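Close look at the chain arrangement
In case you want the letters, here they are:
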Amino acid sequence: MLAESRLVTIVGPGGVGKTRVALTTASRTAGSYADGPWIVELSNLRDPALLPNTVASVLGLPEQDTRSALDAVLEYLRERQVLLILDTCEHLLDACAALSQAVLRDAPGVTVLATSRQPLDMPGENIFVIGPLPVPEAGWVPAAGGTPAGAGDAVELFTLRASTAAAGFAVTEENAADVVRLCQRLDGIPLAIELAAVQLRTLPLPELVRRLDDRFAVLAGGQPGALPRHKTLRTAIEWSHELCSPAERRLWARLSVFAGAFSLAAAQDVCAEVSIERPDVVSALIGLVDKSVVNLEGDQYRMLDTLREFGVERLAASGELAACQSRHIARYQAMARYFGTHFADDDQIDKYHELRAVHSNLRAALEYALEPEDEAVPGWASGPAVTPGGATVATAVRERWRSGADIASSLYGYWQISGLLGEGGYWLSKAIDRFPETGTERARALVNRGFLRSFQGDVHNALADIEAGTEMALELGDDAVAARGYQHLMLTLTFLGRHDDAAKATEEARARLRACGDRAGELMLIAQYGHLHQLSGRPDECVAVCEKGLAMLGSGTGEQWIRTYLLAVSGFALVHMTGRQDDCDRVLRQALYGKQELGDVIGMAYSLDVLGWLAARTGAPARAAWLLGAAEPLWERGGSLRFSGTAIMEEFHQQAAGRAAAALGAEAYDAEYATGYACVRRLLDAGTDAGALRLEIPLRFGDRVCG
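Residues numbered from 1 in each chain as written. Predicted model: local features only at pLDDT ≥ 70, side-chain atom pairs only at ≥ 80, totals over all residues. Heavy atoms only, no water.

It is worth spelling out helix H1 (residues 18-29) at this point. Along its 12 residues, H1 runs 16 Å from first to last C-alpha, staying within 8% of the 16 Å computed at 1.5 Å per residue. Taken residue by residue, H1 has Lys 18, Ala 22 and Ala 26 as its buried positions. Along the axis of H1, the buried positions cluster into a sector of 70 degrees, meaning they face one direction only. For H1, exposure combined with an orientation more than 90 degrees from the buried face picks out Ser 27 and Arg 28. (Helix = DSSP H or I, 4+ residues; strand = E, 2+ residues; numbered from the N terminus. Expected span 1.5 Å × (residues − 1). Buried < 20%, exposed > 50% of the residue type's maximum accessible area, 1.4 Å probe, protein only. Arc of directions from axis to C-beta.)

Structure (C-alpha cells):
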C-alpha cells in the first residue's frame, strides 16, 4: 500500500500489534525514503494543540521563531522524502487528520503511515486492517517436531512466549487441546496471548485454561462464545489483573499516571503514599514486570497503552486518582524548580538531560496541574465540595494551578536550551489564563513568556509581556520577579535597537539581581550586556564584559549555556579587532563545541557563521564559503531568521559572503557553500538527540571534504 498511496492507516483493535507492524514496515521500506522513517509516538499526548509541537520535536526542530509549529514542520518536510509514522491516533483523530492533510498537501515527498483503532476518515486514505492471529480448529495436533516456526498463528506466538516463561515448554499431542482452547478463548489477540502465557511461571497449563474458561463463562452469562470479540482483550486484562497480588493491583493503577517511561525512583515517589511503602513498590514492580504488565527497558520502565488505560480506570474507581496525580505533579515540580533555581550550577548539563528524558512526564504534570476546574480531577466537580484531604475543591484546584504555573516558569532555561520556545509559551499562556487577576503567578509567567518571545523574534509582544509582568511584580513587592523582569526587558530593548534604553535597564537589573542574590540572572545579564556593547560598536568593552562573566563562572565550571553564550558574544567582537584573530577562532570553537553538547542549533549557527566572517577577513575564502554554508541548515532547523533578524549582524554576514565570493568567483563560492550545507544537513538528519551533532570543521577545502 505504501508504494501506491501517500496515506496508509493501520487499523485494528487494541493489543493486535499495530505498532509492531508499523515499525517492521518502516524497517523494510526505509531504503525508499531518502530522509528516512520518523516515528511520532502519540499515546502519551493528550492535548491535540501540541500535536505539531510533538512532531517538530521528533524531527529535531526547535521552536525559535514566531511561526507556528505546524508551519515549521511543513517547511522542514517540504523538500524531503520521509515516511512519517503517527502511532496511536485514535484519541487525536481530528488533529491527526488535519496534520496529515497539511503534510500531504505541502510536502509532496512525504508519506504518512498512521496506526489507529479507527480510520482517520480522510480522502485518499488507504486502510490496512490487522485482525487477530489465526487459531487452529479444535482437534488440531502438532506435526512431528512440534509447532512449525513461521506458522504465523496464535499457537506459535503462545509457544514462543510460554517457552520464555516456563523453560522447556513445548506444544505436544497431550497439551495441544488446552493450547488451542486458550488461544480460541483469547480470539488470537497477541497482547492477550502474551499476558496469558506469562502466567505459566506460576500456574500449570490445565489450571491456566480452567481459570480463563471460568472468567469468560461468568462474563458471557455461561454461554461459550457469547462474549463479543471487542471485549476479549479487556476480559483478558481483567483476568490478568485478578491474578496479581493486591499490592501489584494497587501499583498497576498508580503507575497509570505516568506518561511514557519512568524510573524506579519516580515510581517510588509517586506510588508510595508514605515512605514506609517504598520497599513495597519495588517488590510489586518486580511482580508486574514478571507478569509482562510493565516492560523493563534498560533502567527505565514502561506500561503498554492498553494496560495503562485499564489502570487509569481502576485508579479513578479507587478514589486515589487525585492523590496520585498530586504526587506526580510534586515530583516533576521539584525537578523543574531545582533546574530553575540552580540553572548556572555545575550540574546543568546532567540535570538538563534528565529533564529531556522525562519530557512526556513534564507535559503530563503540566496537564494535570493546569486543567480547568471542572476537569481538574474526575469526580471532584460532581462530588463533594470538600476533597479527601479536607480542602475545598476550589482551593485544591487553585493549589494545582500554582504548581503548574511554577513548573512552567521554573523551566525557563529548559525551554530555551531545548529550543521548545513555542511549547514553553503555550504552558505559560495557560498559567496566565488560570490567574487573570494581579498576583505573583501571573507576573512571573508574563515575564518568562516575554523572555521566550524575545528569542523567537516576537519582540513587540515580548516587550508588552515583560513590561506588564515587571510592573505587576513591583506593585506586589516581588523583588525576584521584578529583577528578572528588568533583565529580560534589557534583552528585548537590545533586540529592538533601543540601545540607550537597554543600557538603563541594565543598571536597574544588575542592582536588583544582586540584591536578590540571583547569580544565574546576573550572569545572563552580563552576556546580554556584552552583546549590547558589540552591537553598539564597542568591541573592547564587549570582550571585557564577557571575560568578567567567564571569571565569575570559573575555569572549571560545568555550566554550559551561559558560558557558551559569553564565549560566542566575545567572538562576535574579537572578529573585528586587529591582532585578535587567533583568540576569536579559539573562543568561537569553544562555543561551538559547548553548544553541540547542549544540542543548541541556533548557538551552533551563530558560532559557525561568525567563524565564516573570520575566515573571510583572514584570507581563507573557501573556508568562509564552507562555514557560511554549514551554518545555513542550522538556521533552517532552528526555524529562525539569521541572527534573529538583527540588521547589524546580517550586514556583517553579507560583507563576509561578498568578500569570499569576490575572491573565489561565484561558481567556486557556490560549490564550497553547497558542500558545507550538505555536510551539516546530513549530520542533522542522521540524529536529533541533544548533542547528536558532532561537526568537525575540515582542515582543507576545495575537494568537497565533509569532516
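Two numbers describe a pair of packed helices, the interaxial angle and the distance between the axes. At a closest axis distance of 7 Å, the pairing of helix H29 (residues 621-637) and helix H31 (residues 666-686) adopts a crossing angle of 40 degrees. The orientation of H29 relative to H31 falls into the category oblique. Crossing geometry of H29 relative to H31 is assigned as right-handed. Across the interface between the two elements, Ala 622, Ala 625, Trp 626, Leu 628, Gly 629, Ala 630, Glu 632, Pro 633, Leu 634, Glu 636 and Arg 637 of H29 pack against Tyr 669, Glu 672, Tyr 673, Thr 675, Gly 676, Tyr 677, Cys 679, Val 680, Arg 681, Leu 684 and Asp 685 of H31. Grouping the amino acids of the contact of H29 with H31 by side-chain chemistry returns 13 nonpolar, 3 polar and 6 charged. (Axes fitted to C-alpha atoms, helices over the stretch in contact; angles between N-to-C directions. Parallel < 35°, antiparallel > 145°, perpendicular 65-115°, else oblique. Left-handed = near helix turned anticlockwise from the far one by under 90°. Contact = heavy atoms within 4.5 Å. Nonpolar A, V, L, I, M, F, W, Y, C, P; charged D, E, K, R; others polar.)

Take the environment of Ala 284 next. The topology assignment puts Ala 284 in helix H12 (residues 278-290). Owing to a relative accessible area of 4%, Ala 284 belongs among the buried residues under this scheme. Along the sequence, Ala 284 and Leu 251 sit 33 residues apart, while their C-alpha atoms lie 6.8 Å from each other. With residues up to four places along the chain from it excluded, the contact list for Ala 284 reads Ala 247, Glu 248 and Leu 251.

Let us now look at the nonpolar core. With 215 residues, the main nonpolar core has Leu 77, Leu 84, Phe 158 and Leu 255 as its most contacted residues. The element that contributes the greatest number of residues to this core is helix H28 (residues 601-617), accounting for 12 residues. Setting aside chain neighbours within four positions, we find Phe 158 in contact with Phe 169, Val 179, Leu 182, Cys 183, Ile 193, Ala 197, Leu 200 and Leu 205. Formed by 11 residues, the second largest nonpolar core is a distinct cluster that contains Ile 10, Val 16, Ala 26 and Ile 130. (Core = buried A, V, L, I, M, F, W, Y, C linked by side-chain atoms within 4.5 Å.)

Here we take up the sheet that holds strand E3 (residues 82-87). Strand order in the open sheet formed by 5 strands is E2-E3-E4-E1-E5, with parallel pairing between adjacent strands. The open sheet is flanked by strand E2 (37-41) and strand E5 (126-129), the only strands paired with a single partner. Direction aside, the axes of adjacent strands within the sheet are offset by 20 degrees on average. Relative to E3, E2 runs parallel, the two sharing 5 bridges. Considered in E3, the bridge of Pro 37 is made with Leu 83. Each of E2 and E3 touches helix H2 (residues 51-58); the most contacted strand, E2, lies at about 140 degrees to it. (Pairing = 2+ DSSP bridges.)

A few words now on the side chain of Ser 5. Tracing the backbone shows Ser 5 in the segment before strand E1 (7-11). We classify Ser 5 as buried; its relative accessible area is 9%. Within the local environment of Ser 5, its side chain forms a polar contact with the side chain of Asn 126, the two groups lying 3.0 Å apart. Excluding its chain neighbours within four sequence positions, the residues that come into contact with Ser 5 are Thr 111, Gly 124 and Asn 126. (Polar contact = N/O pair within 3.5 Å; in protein donor to acceptor, adjacent residues only side chain to side chain.)

Quick look at the packing of helix H17 (residues 393-410) against helix H19 (residues 421-434) now. Taken N-terminus to C-terminus, the directions of H17 and H19 make an angle of 145 degrees; their axes are 9 Å apart at the nearest point. Viewed along their axes, H17 and H19 form a crossing whose handedness is left-handed. Where H17 abuts H19, its residues Arg 398, Trp 401, Ala 405, Ala 408 and Ser 409 lie against Trp 427, Leu 428, Ala 431 and Arg 434. Across the contact of H17 with H19, the residue classes break down as 6 nonpolar, 1 polar and 2 charged.

For strand E4 (residues 110-116), the tally of buried residues reaches 7 of 7 residues, placing the bulk of the element in the interior. What you see with E4 is no split at all: Val 110, Val 112, Ala 114 and Ser 116 on one side and Thr 111, Leu 113 and Thr 115 on the other are buried throughout. Relative to E4, E1 runs parallel, the two sharing 5 bridges. Following the sheet pairing, Ile 10 is matched in E4 by Thr 115. Note that E3 and E4 share 6 bridges and pair parallel. Looking across to E4, one finds that Leu 86 is bridged to Ala 114. The parallel pair E3 and E4, bridged by helix H4 (residues 93-106), forms a crossover whose chirality is right-handed. (Right-handed = clockwise from strand over helix to strand, strands pointing away.)

Moving on, we get to empty space enclosed by the protein. The final tally for this structure, using the stated rule, is 4 cavities of 30 Å³ or more. Taken as a whole, the second largest cavity encloses approximately 90 Å³ of empty space. Around the second largest cavity, the lining residues are Ala 247, Arg 250, Leu 251, Arg 254, Cys 271, Glu 277, Asp 280, Val 281 and Ala 284. Elements with a minimum of two residues in the lining of the second largest cavity: helix H10 (246-255) and H12. (1 Å grid on protein atoms, 1.4 Å probe; cavity = no way out; pocket = protein on both sides within 12 Å on 5 of 7 lines; lining within 4 Å. Points joined across faces, edges and corners; volume = space filled by probe spheres on them.)

With that settled, the discussion passes to the side chain of His 653. Position of His 653 relative to the elements: it lies in helix H30 (residues 647-664). Beyond its immediate sequence surroundings of up to four residues, His 653 is in contact with Asp 609, Trp 613, Leu 628, Arg 642 and Phe 643.

Moving on to the pattern of salt bridges. With the rule as written, the count across this model stands at 45 salt bridges. The shortest N-O distance in the salt bridge between Glu 297 and Arg 302 comes to 3.2 Å. With relative accessibility at 38%, the residue Glu 297 sits in the partly exposed group. Ionic pairing is found between Arg 642 and Glu 650, a salt bridge with its closest N-O pair at 2.9 Å. (Salt bridge = Lys/Arg side-chain N within 4 Å of Asp/Glu carboxyl O.)

The next thing to look at is helix H27 (residues 581-598). Think of an α-helix as 3.6 residues a turn; residues three or four steps apart then line up on the same face. In a regular helix each residue adds 1.5 Å, so 18 residues correspond to 26 Å; H27 covers 26 Å between its end C-alpha atoms and thus fits that length. Buried within H27 are the following residues: Cys 584, Val 587, Leu 588, Ala 591, Leu 592, Gly 594, Lys 595, Gln 596 and Leu 598.

A separate point is unusual backbone geometry. At Asp 187, a position not held by glycine, the phi torsion is positive, near 55 degrees. Its place among the elements puts Asp 187 in the loop between helix H6 (176-185) and helix H7 (190-197). You can call Asp 187 buried: its relative accessible area is 17%. Within the chain, Ser 292 stands out as a residue other than glycine whose phi angle is a positive 65 degrees. Examined against the element boundaries, Ser 292 turns out to sit in the loop between H12 and strand E6 (294-297). The class of Ser 292 is partly exposed, set by a relative accessible area of 26%.

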